[in-house]
Amino acid sequence: MHNRELDDLDELLANDELLTAARISEYLAAHRTATANWFGPTGRPQNSTWIDRDGTGWRVWDTDERAGIMDFTILRTESETEALRSFLRRARHHRDLDSTAVRRIQ
């Protein structure tokens, strides 16, 4: 990962004015993130984060290694900022876990 990508993500998370759906959509278009599913299956299905509109609110959730929704991770909120921040942090967490995963060679 490039340092600029990390800077962009940290900048988004640090500034509520920048934390908008339009800005995050722009960020994800420039920085493909396998662990982020932006309003549908745009990343991988397993071990990832998803976001969607839920009526007038937002819904953010994580999936496990079998791509099953982990019920205890579901966030329902009316706050766009809260949903977007949670989505980005979770996607980054899954990505960071990938980088430290041990791979078995068979």
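Residues numbered from 1 in each chain as written. Predicted model: local features only at pLDDT ≥ 70, side-chain atom pairs only at ≥ 80, totals over all residues. Heavy atoms only, no water.

A. View of empty space enclosed by the protein. Counted according to the given criterion, the structure contains one cavity of 30 Å³ or more. Empty space within the largest cavity amounts to approximately 50 Å³. Taken together, Leu-9, Tyr-27, Leu-28, Thr-33, Ala-36, Leu-88, Ala-91, Arg-92 and Arg-95 make up the lining of the largest cavity. Elements with a minimum of two residues in the lining of the largest cavity: helix H2 (21–30) and helix H3 (80–100). Residue classes in the lining of the largest cavity are distributed as six nonpolar, one polar and two charged. (1 Å grid on protein atoms, 1.4 Å probe; cavity = no way out; pocket = protein on both sides within 12 Å on 5 of 7 lines; lining within 4 Å. Points joined across faces, edges and corners; volume = space filled by probe spheres on them. Helix = DSSP H or I, 4+ residues; strand = E, 2+ residues; numbered from the N terminus. Nonpolar A, V, L, I, M, F, W, Y, C, P; charged D, E, K, R; others polar.)

B. Just the packing of aromatic side chains, in detail. Applying the stated criterion across every chain yields a total of four aromatic pairs. Centroid distance Trp-38 to Phe-39: 4.8 Å. Interplanar angle 85°. Geometry classified as edge-to-face. By relative accessible area, Phe-39 is classed as partly exposed at 33%. An aromatic cluster is present here, built from Trp-38, Phe-39, Trp-58 and Phe-87 joined pairwise through their rings. Sitting over the face of the ring of Trp-58, Arg-53 holds its NZ or CZ atom 4.4 Å from the ring centroid. Here Arg-59 stacks its cationic end above the ring of Trp-61, 4.1 Å away from the centre of that ring. (Phe/Tyr/Trp six-rings, centres within 6.5 Å; stacked < 30°, edge-to-face > 60°. Buried < 20%, exposed > 50% of the residue type's maximum accessible area, 1.4 Å probe, protein only. Lys NZ or Arg CZ within 6 Å of the ring centre and 35° of its normal.)

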